[in-house]
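# Descriptive structure summary
Okay, here's what each chain looks like letter by letter:
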Amino acid sequence: AADAAQPWLGQIVANGNFLMDDLVVATTKPFYALTAGSTGYGGSISPPGPVIVTPGSTGMFSLTASNWYHLAAVMVDGVNIGTPAAYTFTNVQADHRITANFAADLAARNTPKWWLYQMNTNWSTNFDAAALGNQDGDGVPTWQEYIAGTDPMNASSALTLTIALTNGQTAVTLPTIPTPAQYDLQRYYALEMTTNLAAPAGWIEIPGWTSIPASGQPV
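Along each chain, residue indices are assigned from 1 in the same order as the chain's sequence is written. pLDDT decides what is reported in this predicted model: residues at 70 or higher carry local features, side-chain atom pairs at 80 or more are listed and counted, and totals for whole chains, interfaces and linings draw on all residues regardless. By convention in this description, side-chain values take in all heavy atoms of the structure and omit both hydrogens and water.

## Things to note about the overall build of the protein
Secondary structure is summarised from DSSP: a helix means a run of H or I of at least four residues, a strand means a run of E of at least two, and numbering begins at the N terminus for each. Helix and strand counts for the protein come out as 3 helices and 14 strands. Residue burial is assigned from relative accessible area. The probe radius is 1.4 Å, only protein chains are included, and a residue is buried under 20% of its type maximum, exposed over 50%, and partly exposed in between. Scored against the burial criterion, the 219 residues of the protein give a buried share of 26%. Within the protein, contacts between residues at least 6 apart in sequence are counted, and of these 47% link residues at least 24 apart. By definition in these notes, contact holds between two residues if any of their heavy atoms fall within 4.5 Å.

## So, the environment of Thr170
By the element assignment, Thr170 lies in strand E10 (residues 169-173). Given a relative accessible area of 56%, Thr170 falls into the exposed group. What Thr170 contacts, discounting residues up to four positions off in sequence, is Ile163, Ala164 and Leu165.

## Focus on the pairing of strand E8 (residues 96-104)
Regular strands place side chains that alternate from one sheet face to the opposite one. In this sheet, E8 lies alongside strand E1 (residues 32-39) in parallel orientation, the contact comprising 6 bridges. Counterpart to Ser38 in the pairing with E8 is Ala100. In this scheme, strands are said to pair when DSSP sees at least two bridges between them. Pairing between strand E5 (residues 69-76) and E8: 7 bridges, direction antiparallel. Counterpart to Val74 in the pairing with E8 is Ala100.

## Considering the packing of aromatic side chains
Only Phe, Tyr and Trp rings are paired, with Trp represented by its six-membered ring, and only when their centres lie within 6.5 Å; those with planes under 30 degrees apart are stacked, over 60 edge-to-face, the remainder tilted. For the structure on display, the rule yields 8 aromatic pairs. A centroid spacing of 6.3 Å and a plane angle of 45° characterise the contact between Tyr41 and Tyr69, whose relative ring orientation is tilted. In this pair, Tyr41 is assigned in the loop between E1 and strand E2 (43-46) and Tyr69 in strand E5, connecting sequence segments 28 residues apart. In this structure Tyr41 comes out as partly exposed when scored by relative accessible area, which is 42%. Centroid distance Trp68 to Phe127: 5.0 Å. Interplanar angle 80°. Geometry classified as edge-to-face. With a gap of 59 residues between them, Trp68 in the loop between strand E4 (59-65) and E5 and Phe127 in helix H2 (residues 127-132) connect regions that are remote in the sequence. Counting every residue linked through ring pairs, the aromatic cluster contains Trp114, Trp115, Tyr146 and Tyr183.

Given below as structure tokens:
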């Protein structure tokens, strides 16, 4: 094998007596692969790749963000080249990789516009006002409802604690709300306690009950 790293070149195997005449080992590959990919939710790269091209040829890719998203960066062979809507490889003489990174458009308090639009399409007229508002009147602004995973249009969806006495011990239970793939993050919970509700600074974390990943099951 002249180059065992190349998948199209394997070992030359023969049994018994044999002669080999005119063995030619090429110094260049007969074709190259242009691999395309994307990170983050909310966009696409076309063609998706890999694209096989002959030496010296070209290969063009288009990068398109979805509604309420934007192209954050384009990486070519690990180098950030900015945010072009299209990129062309010219005179290809090697394998290459292009990666598109997409990110969500954000309103006030870093509230994703896609989420606000999902909650109420009318909020697209003023995303910032929607994020800062309290549409369901529960005292929790919409941007905090996004963090908590509750419904900004339904006051009864607020997180509530359930307290019960079991075998002489007090059990406190709260729901956990997992994040779907579009969030591109994991929601965590932490339990705190205080002996004085009038002193907010008196809250302390309960050991062993911090950084609880949301699973959809109550804690």
